[in-house]
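Structural overview
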Amino acid sequence: MRIVIIGAGAAGCFAAIEVKRRCPEAEVTVLEKGTKPLAKVAITGGGRCNLTNSFAEVKSLEQVYPRGFRLMKKLFHHFSPTDAYEWFEREGVGLVTQDDECVFPQSQDAMEIVFTLTSLMNRLGVKTLCGCKVTGIAPHSPYYAVTYTKAGSTHTIEADKVIVTTGGHPSPSGFDMLKGLDLEIVPPVPSLFSLCISDRSLTALMGTVVEQAQVSLAGTKIKTNGPLLITHWGISGPAVLKLSSHGARILAEKNYLADVMINWLFEMSNNEVQEMLSAYVRKHSAKKITSAYPPVLNARLWAHLVQRAKLSADMRWSELQGKAFNRLLSVLTSDTYHVTGKNRYKDEFVTCGGVSLNSLKHDTLEAKNHPGLYFAGEVTDVDAITGGFNLQAAWTMGWVVASSLNEK
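This brings us to the overall build of the protein. The secondary structure content of the protein amounts to twelve helices and 19 strands. Structurally, the protein occupies a C-alpha span of about 85 × 40 × 35 Å along its principal axes. When burial is assessed residue by residue, the protein has 54% of its 408 residues classed as buried. Per element, the accessible surface of the protein, about 18,000 Å² overall, is 50% carbon and sulfur. Measuring between centres, the 42 positive side-chain charges of the protein sit 6 Å from its 38 negative side-chain charges.

Residue placement: Thr224 occurs in strand β14 (residues 223–230). For Thr224, the contacting residues outside a window of four places in its chain are Ala213, Gln214, Val215, Ala239, Lys242, Leu243 and His246. In this structure the side chain of Thr224 is engaged in a polar contact, spanning 3.5 Å, whose partner is the backbone nitrogen of Leu243.

Here is the key point about a regular strand: its side chains alternate between the two faces of the sheet. As defined by bridge partners, strand β7 (residues 133–140) adjoins strand β8 (residues 143–150) across seven bridges and the pair is classed as antiparallel. Note that in β8 the partner of His140 across the bridge is Tyr143. The turn linking β7 back onto β8 is made up of two residues. Note that β8 and strand β9 (residues 153–159) share seven bridges and pair antiparallel. Considered in β9, the bridge of Ala145 is made with Glu158.

For the rest of this paragraph, the subject is helix α12 (residues 389–407). Between the first and last C-alpha of α12 there are 27 Å, a value that for 19 residues agrees with the 27 Å anticipated at 1.5 Å per step. Most of α12 is tucked away, with 17 of its 19 residues classed as buried.

Next up on the list: the packing of helix α1 (residues 10–22) against helix α5 (residues 110–124). The geometry of α1 relative to α5 is characterised by a closest axis approach of 10 Å and an angle of 35° between their N-to-C directions. In this structure, α1 meets α5 at a crossing whose hand is left-handed. Facing Cys13, Phe14, Ala16, Ile17, Lys20 and Arg21 of α1, the residues of α5 in contact are Leu117, Leu120, Met121 and Leu124. When the residues that make up the contact of α1 with α5 are grouped by side-chain class, the tally is eight nonpolar, no polar and two charged.

Ranked by size, the top nonpolar core spans 86 residues in total, and within it Tyr65, Phe88, Ile137, Phe375 and Trp395 carry the most contacts. Of all the elements, α12 adds the most residues to this core, at eleven residues. When neighbours within four sequence positions are excluded, Phe375 is seen to be in contact with Val164, Leu178, Leu183, Val355, Leu360, Leu365, Ala367, Thr380 and Val401. Leu217, Ala258, Ala292 and Trp302 belong to the second-largest nonpolar core, a separate cluster that totals 48 residues.

Reading the values: the criteria
Residues numbered from 1 in each chain as written. Predicted model: local features only at pLDDT ≥ 70, side-chain atom pairs only at ≥ 80, totals over all residues. Heavy atoms only, no water. Helix = DSSP H or I, 4+ residues; strand = E, 2+ residues; numbered from the N terminus. Buried < 20%, exposed > 50% of the residue type's maximum accessible area, 1.4 Å probe, protein only. Areas by Shrake-Rupley, 256 points an atom, 1.4 Å probe, with all protein chains shown as cover. Lys, Arg positive; Asp, Glu negative; His and termini not counted. Charge placed at Lys NZ, Arg CZ, Asp CG, Glu CD. Contact = heavy atoms within 4.5 Å. Polar contact = N/O pair within 3.5 Å; in protein donor to acceptor, adjacent residues only side chain to side chain. Pairing = 2+ DSSP bridges. Expected span 1.5 Å × (residues − 1). Axes fitted to C-alpha atoms, helices over the stretch in contact; angles between N-to-C directions. Left-handed = near helix turned anticlockwise from the far one by under 90°. Nonpolar A, V, L, I, M, F, W, Y, C, P; charged D, E, K, R; others polar. Core = buried A, V, L, I, M, F, W, Y, C linked by side-chain atoms within 4.5 Å.

Structural data, given as structure tokens:
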């Protein structure tokens, strides 16, 4: 049996290993457009490789998979985050779970994961061809003809089964190889980015971190929380990246022009913030409002928020009454800024969109109208927030495809 895997990313390499283990006699060839396999894995997690998550703090998969959570819930019954953790440890990779539940190799080196996977592929006899851009997949019963270009020359390889694991694409042209297959493609848009804000009074605070804030997208029910980082272009950090993921399509439709609201004291309810301010009025009545403030906010940010509330820096706490009190309360719990664009998150690029899940059999990830054609990873319309969830989806989907091929 000849199996061609298109894309040597996380899902593709993992699928190749599991296919070869189950079907040692199969001829498995991986075609990769880039110069080396697993290039994206090598840089993920800041070069440390956040390869999964404990999921201990995940109450619903919809929290972490804005698109595809129902599918992932089903697939996790076959290959769960625990299974992935044990898989890598069996291969000799020591793992550590951080306080935020993100799982990394103990070495804190993504290249250990790259080396582990590529070494297994080589040992099992998987053939990897880099510099190969696939231009078409044509069904010719009982096989598929996969056409690719390499060094200016065009080649065709026949395959009994094809697994597409090309990852996300920033534009629809990335799916051109699938033309003629009558597959529904959900237009791709970025889903992991920080937000640009032109308010210079805010960006002047670059480097400031609020450990627990809530960010919401005005006019929607989308609210996310976590650490928030003020940058020279706007806001970033886990809270913002989660918002960008959940609001990816809405923000794209608005051309990344929207309003966001920040609750700077997310761990406190609106009533608790009101009580806190009243307590400051009683306890620090003689002090200037800028000299006594919540310890979770630094002096520069607090001064900025006081200014946002249109209060004088020389005002005493005893003077905070009526409308002035309400303005400060509003700024602390729903400070509104206008988003003027997006900014790519580090070197990572994640998109939502891709092969629609309506085109796939959810138990095998095989195309409904093309037996023997499978899809796994971000090439499908499945994506996640940061924290190891995208890589977990890749391991799980790669494993399910390999298992499905073996059963057939």
